[in-house]
Amino acid sequence: VHPVKNIDLQIQLVHKLNQNNIKTKLHLIGPIRDRIYLNNLSKKINFLKIKKFINFLGPIYSQKKFEFITDADICLLTSEFECNSISAIEIMQVGGLLVATRNCSLNHADKFGAIKEKN
């Protein structure tokens, strides 16, 4: 959890989906690097009344991480910047559905057919 990861966008998506009766859960996997950002996200989650839909799991380095990927309907990458994302590679490796923002810089993968970039 760090501002560059743009988790705020994911929280907004969960809120909008749940407002439209599309019950969605978000599992955030990764280290918590910025406690101030985490506190701000927690306040927003509480304000939006979606706490039961969002789980901060911290880093997972075991096989369990791949179980989360394969069980997920969608894996999100919303970083303001990614370069050769290990997360994207892991998601694609196990056949997960990856939705990423353009800022994740995955256009090189599109060039070689690993992903399809859409407007």
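Scroll up a little and you will see the structure.
Procedures and definitions
- Residues numbered from 1 in each chain as written.
- Predicted model: local features only at pLDDT ≥ 70, side-chain atom pairs only at ≥ 80, totals over all residues.
- Heavy atoms only, no water.
- Patch = residues over 30% accessible without salt bridge, like charges linked within 9 Å, V, L, I, M, F, W, Y side chains within 5 Å.
- Areas by Shrake-Rupley, 256 points an atom, 1.4 Å probe, with all protein chains shown as cover.
- Salt bridge = Lys/Arg side-chain N within 4 Å of Asp/Glu carboxyl O.
- Helix = DSSP H or I, 4+ residues; strand = E, 2+ residues; numbered from the N terminus.
- Buried < 20%, exposed > 50% of the residue type's maximum accessible area, 1.4 Å probe, protein only.
- Contact = heavy atoms within 4.5 Å.
- Core = buried A, V, L, I, M, F, W, Y, C linked by side-chain atoms within 4.5 Å.
- Expected span 1.5 Å × (residues − 1).
- Arc of directions from axis to C-beta.

Caption draft 1: Quick look at a nonpolar patch on the surface. Taken together, the side chains of Leu 13, Leu 17 and Ile 22 define a hydrophobic patch exposed on the protein surface, amounting to about 230 Å² of accessible area. Turning to its location among the elements, Ile 22 is positioned in the loop between helix 1 (7-19) and strand 1 (26-29). A relative accessible area of 44% means that Ile 22 is categorised as partly exposed.

Caption draft 2: Spatial organisation of the environment of Glu 90. Relative to the helices and strands, Glu 90 resides in helix 4 (residues 86-93). Judged by relative accessible area, which is 17%, Glu 90 ranks as buried. The sequence separation of Glu 90 and Phe 66 amounts to 24 residues, and the corresponding C-alpha distance is 7.9 Å. Setting aside residues no more than four positions away along its own chain, Glu 90 makes contact with Lys 65, Phe 66 and Ile 69.

Caption draft 3: Quick peek at the pattern of salt bridges. Taken as a whole, this structure holds three salt bridges when the rule is applied. The partner of Glu 67 in a salt bridge is Lys 64, and the shortest N-O contact between them spans 3.7 Å. Of the two residues, Glu 67 and Lys 64 both sit in helix 3 (residues 64-71), three residues apart, roughly one turn of that helix. Here Glu 67 falls in the partly exposed class, since its relative accessible area comes to 36%. The class of Lys 64 is partly exposed, set by a relative accessible area of 41%. Residue Glu 90 is joined to Lys 65 by a salt bridge in which the shortest nitrogen-to-oxygen separation is 3.0 Å. Here Glu 90 is found in helix 4, whereas its partner Lys 65 is found in helix 3, with 25 residues between them in sequence. A relative accessible area of 16% places Lys 65 in the buried class.

Caption draft 4: The nonpolar core, seen in detail. Core analysis: the largest hydrophobic core is formed by 14 residues, its most contacted members being Ile 7, Ile 11, Val 14, Leu 41, Ile 50 and Ile 54. At the level of secondary structure, the elements contributing two or more residues to this core comprise helix 1, strand 1 and helix 2 (35-48). Sort the elements by how many residues they give to this core and helix 2 lands first, with five residues. Among residues more than four places away in sequence, those in contact with Ile 11 are Leu 26, Leu 41, Lys 44, Ile 45, Leu 48, Ile 50 and Ile 54. Listed in part, the ten residues of the second largest apolar core include Leu 77, Ala 88, Ile 91 and Leu 106.

Caption draft 5: View of the side chain of His 15. For His 15, the position within the fold is in helix 1. Using a relative accessible area of 17% as the deciding quantity, one classes His 15 as buried. Each residue touching His 15, except ones within four places of it in the same chain, is listed here: Leu 48 and Ile 50.

Caption draft 6: The arrangement of helix 1 in detail. Here helix 1 is 13 residues long and its end C-alpha atoms lie 18 Å apart, about the 18 Å a rise of 1.5 Å per residue gives. The set of residues buried in helix 1 consists of Ile 7, Gln 10, Ile 11, Val 14, His 15 and Asn 18. Taken around the axis of helix 1, the buried residues stretch over an arc of 140 degrees, which confines them to a single face. Pointing more than 90 degrees away from the buried face of helix 1 are the exposed residues Lys 16 and Gln 19. In the core, the buried residues of helix 1 are packed alongside strand 1, helix 2, strand 2 (54-58) and strand 3 (75-77). Positive phi appears at Asn 21, one or two residues downstream of helix 1, with a value of about 60 degrees.

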